[in-house]
Amino acid sequence: MTTKQTILLIGASLIIAILAHAFFLYQWAQGVYMAGPDDGLSQMVPFRAMLYEQFTNGNFFYSFEFGLGGGTFSQLAYYYGVNIFFFLTVSVVFILETLTIIKEPDVLFWAQATVFISIIRLTLILIITSYVFRYINGRLLTAFIGAVLYGVSAMYFRHVTYWEFFGDAFLWLPLLILGVEKIIREQKPGWLIAATALSFFDNFYFAYINGMFTGMYIAARWIFPLVAKETSKLKQLKYYTGSALLGLGIGSVGLVPAVWGFMQNIRPPFDQEIPLVSATSNILYDSPYLVVPAVFLLMLGLLPLYKKPQFKLFTALSLLIIVLHFMPWAASFFNGLSAPQHRYEYLASFAIGGAVAAGLPALKKVTKKMLALSVLGVTTLYAIFHLADSSLEVDSFWTVSIPISAMLLIPAIFLNIRNYRAAYVGLILIVVLTQLFVINQNQYAKLYSNGGVKETTKDYIQSEKYLGEEQQKLVDDVLEADSSPLARVTWKADGRNNTPIIQGFPGTSVYSSILNGNLLNYYYHDLEIDMQWETVSRYYGFGNRPSLHSLWGGNYMMYEKGKEANIPYGFEPAKESENYTIYENTNPLPFVQISEQIYSEEALQNSHPVSREQAMLQGLIVKGANTTAGNIPKHDNFMEETDIAVEGGTYSEGRLVVEEKEGGLDITLPASVVESNAEDIYVSFHLVNNVKEAPGFALQVNDFRTTRKSRESIYKTNVNDITIRVPKEETISIRVPEGDYTLNNLEIYAKDYEALEEASQKDNHQPKVTLAGNRVTIESVQADKKGYLAIPVPYEKGWQVKVDGEKRDVEQVNYAMPGTAIQPGDETIEFTYLPPYFKTTLLTAGISLLIAVFWIRRKRD
């Protein structure tokens, strides 16, 4: 391209990107932002705010504010942990902040900035895709039109609005296709190596989707050759294999830790039946995933266009993806054989853009009769899709405007057939303006009005339901007065598990698609901690269990006044504001736990979680170690001594049938428990709704309320063994709504906190602890006995430890904490986190890059 063409392309791309965001720019001026009210505000905005602060402080690997702590390079690789476009965004924002052009970015900044970042991204997408389509088809103007149909698409705006980083997939797909074409036409592997490396490093999920399409594209290219002299298929395979392997090697630095994080995450397999065909959405009118442009529909019926191999190629790919759109198993396949998710339809937009780019120059060869027949066919299609969709209203603006905008193309194409030069320009303008109109209308109808975006306002973000200025001040006050290395606060505003990230304090909850599997096992199985809301991808608090709060540094809990319930034993009011009260744990434990009293996991394999809690207070549970402690903690199950009464239904042989609005069991405790010095009761049972199709339901045990998912929910945990702690009362009431349940394996344990109080009151020497970036440094340990040491952050692959400069093994302690063996005389211990296999992949990337450079230079010579 000439310099003039390049400047025109950049300018046109920027203008179109701005016009495509016209609706959101208008809403931005009204204080409504381009972010979904759920994942947008719960994940995308806070993750960017947290990682920006982390990255600009020189820490790329770990965050102590990511839930209980976690490796962000690995666990947030799916989001922004290794996201190239986000790295570039951080660089630009940091420069602007350094120059004092903007203030220090917070969550409000990232919500406000989304639309402008999206404009820049879309501009790049249009430029890159125009170049790719021009390389394939040879014409810049039509290539640009094809790029507009790809970038300015329903899925791009859905992706960016709800899951902002999803939009980056649009950047790498055209580069992969360009890499394939460079090999076929010129035997040059450089582009494919670079595109593969970028894709693998940036996001393993979309690398998979884009990789599948690239494979489909290669297969289609073998069927539809585009130029006279193309590289032989066997030689192509050699180039593809070498390029993919080198790209994989270069991108492995981001890919391997990301895949490791995904593989160790715990999420139940999708076990529901997937139908073969389903009318998922109306792709001609208002689909949130794909709205097929009218110009493409018209082209489908114009036979002269099929003489162009580029048109045949992209039309075949377009129709294939469109057909797959109506097959849920395809949505499952592109989602990694998991629950069907429509995240891949941007592939159809790319193919449609390629087809239109190829077909536009050939419209002159179409006859009026062919055009008339095509118009008739398109009219019939619109009528069928309208009649088949009962949700469309006949007199709605949207229903009428889509066919009318399609009909505007007819006179432009007709005049173009008559070879009127102005008609061709008019046709181009109509295609672009129609696409801009459809997409802005789609933003209003699908995202803003019906998609909840209208709730993402400046007022909401600054309210007590989100940023919570009053809440933040109260939390800041108590944490500033706390001398602990990492004092945590249990609190979430408006049900958001990422409130600690949003409000900037160390918390006990998180919401992320990929989490630490060791920690999830700790919650689900080892300790059976109920999080008051059954769902995957989250953890929250410790089920109001005092010992666990103390073990993890959970020194504070905040409550809205008037909503205090089930407050853990030992928590007392410490500070309050007008609307909130913070309770302080009066039985805190030291950050560094050192003990010679060791239990193996095997020794406690058949113990109840309440006994495992006790073992952690009396010593340490070390995986793979030998038990040195004298006695294994044991608590009696009092269930056989209780009396059970049924309320609102029947209960027999583990089956509970509730016939009233609410019902369940009343369990009366024996006098020996009621009159004992026990403070709390731990109730354990197995609970399943016997009706698979039934919706989720609330479970209430005395004052403790939690929720359970429907068995058909894709977000269920499949963890049905439940343990709930409640303050001791004579009667334990279990309540569920009307329905048919399996409720069995009931166990009742009484719990006093003598061991907790004794551990808290020990006057042991406490070493100096420093938390910095991805390091925990413990000085002046003064170890005088052989034993083990543990710190209250989650154990995960990547932790390394040195004791007085000597490398030692990291042990898995208390099921989910990192620790190490200590010897008398040990003084300084340093835990360091690096992403899994980081050094190995860094070496692999360096070697792969050298080989790639050598290969590319050799091809040039």
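These numbers come from a predicted model, not from an experiment. (Residues numbered from 1 in each chain as written. Predicted model: local features only at pLDDT ≥ 70, side-chain atom pairs only at ≥ 80, totals over all residues. Heavy atoms only, no water.)

## Considering the overall build of the chain
Alright, step 1. Regarding its fold elements, the chain presents 29 helices and 27 strands.
Alright, step 2. Expected size for 861 residues packed as a compact globule is a radius of gyration near 29 Å; at 31 Å, the chain falls within 12% of this value.
Alright, step 3. Expressed as lengths along the three principal axes of its C-alpha atoms, the size of the chain is roughly 100 × 70 × 50 Å.
Alright, step 4. For the chain, with 861 residues in total, the buried portion stands at 59%.
Alright, step 5. Put simply, the chain shows about 35,200 Å² of open surface, and 55% of that area lies on carbon and sulfur atoms. (Helix = DSSP H or I, 4+ residues; strand = E, 2+ residues; numbered from the N terminus. Rg over C-alpha atoms; globule rule 2.2 N^0.38 Å. Buried < 20%, exposed > 50% of the residue type's maximum accessible area, 1.4 Å probe, protein only. Areas by Shrake-Rupley, 256 points an atom, 1.4 Å probe, with all protein chains shown as cover.)

## Comments concerning the packing of helix H9 (residues 169–186) against helix H11 (residues 204–223)
Alright, step 1. Taken N-terminus to C-terminus, the directions of H9 and H11 make an angle of 30°; their axes are 10 Å apart at the nearest point. Relative to H11, the crossing made by H9 is right-handed. Counting all contacts with H9, which are made through Ala169, Trp172, Leu173, Leu176, Ile177, Val180, Glu181, Ile184 and Arg185, the residues of H11 involved are Phe206, Asn210, Phe213, Thr214, Tyr217, Ile218 and Arg221.
Alright, step 2. Residues of the contact of H9 with H11, tallied by class, amount to 11 nonpolar, 2 polar and 3 charged. (Axes fitted to C-alpha atoms, helices over the stretch in contact; angles between N-to-C directions. Left-handed = near helix turned anticlockwise from the far one by under 90°. Contact = heavy atoms within 4.5 Å. Nonpolar A, V, L, I, M, F, W, Y, C, P; charged D, E, K, R; others polar.)

## What to know about the sheet that holds strand E3 (residues 488–490)
Alright, step 1. One open sheet accounts for 4 strands, arranged E3-E6-E8-E7; its pairing is mixed. A single partner strand is all that each edge strand has here, and the edge strands are E3 and strand E7 (571–576). Taking each pair of neighbouring strands and ignoring which way they run, the sheet shows an average axis angle of 30°.
Alright, step 2. As judged from the 5 bridges shared by E7 and strand E8 (residues 580–585), these two strands associate in the antiparallel manner. Across the sheet, the residue bridging to Pro573 is Tyr583, located in E8.
Alright, step 3. Contacting E3, strand E6 (554–560), E7 and E8, helix H22 (residues 469–480) crosses the sheet at an angle of about 25° to E8. (Pairing = 2+ DSSP bridges.)

## Brief notes about helix H10 (residues 190–202)
Alright, step 1. Between its first and last C-alpha atoms H10 spans 18 Å; for 13 residues at 1.5 Å apiece the expected length is 18 Å, and the two agree.
Alright, step 2. Looking only at H10, the buried set comprises Leu192, Ile193, Ala195, Thr196, Ala197, Ser199, Phe201 and Asp202.
Alright, step 3. For H10, the elements touching its buried residues are helix H5 (84–98), H9, H11, helix H12 (233–264) and helix H29 (838–860). (Expected span 1.5 Å × (residues − 1).)

## Quick word on the sheet that holds strand E27 (residues 829–833)
Strand-to-strand pairing in sheets goes through backbone hydrogen bonds, with the strands running parallel or antiparallel.
Alright, step 1. Read from one edge of the open sheet, 5 strands run E20-E21-E27-E23-E24, paired in antiparallel fashion. Bordering the open sheet on either side are strand E20 (768–772) and strand E24 (806–808), each of which pairs with just one other strand. For this sheet the average axis-to-axis angle between neighbouring strands, irrespective of direction, equals 20°.
Alright, step 2. As paired strands, strand E21 (residues 775–779) and E27 are joined by 4 bridges and run antiparallel to one another. Its bridge partner being in E27, Ile778 is matched across the sheet by Ile829.

## Some words on the packing of helix H1 (residues 3–20) against helix H6 (residues 107–137)
Alright, step 1. At their nearest, the axes of H1 and H6 sit 8 Å apart, and the two run at 135° to each other. By the angle between their axes, H1 is oblique relative to H6. H6 is crossed by H1, and the crossing has right-handed handedness. Along the contact surface, H1 presents Leu9, Ile10, Ser13, Leu14, Ile16, Ala17, Ile18 and Ala20, while H6 presents Ile119, Leu122, Thr123, Leu126, Ile127 and Ser130. (Parallel < 35°, antiparallel > 145°, perpendicular 65-115°, else oblique.)

## Examining the nonpolar core
Alright, step 1. Ranked by size, the top nonpolar core spans 228 residues in total, and within it Phe157, Tyr346, Tyr522, Tyr523 and Ile778 carry the most contacts.
Alright, step 2. Residue contributions to this core peak at 16 residues, all from H6.
Alright, step 3. Those residues in contact with Tyr523 that sit more than four places away from it in its chain are Leu68, Thr508, Glu528, Ile529, Met531, Tyr539, Tyr540, Gly541 and Phe542.
Alright, step 4. Judged by nonpolar contacts, the second largest core, of 28 residues, contains Val683, Ile734, Tyr741 and Ile748. (Core = buried A, V, L, I, M, F, W, Y, C linked by side-chain atoms within 4.5 Å.)

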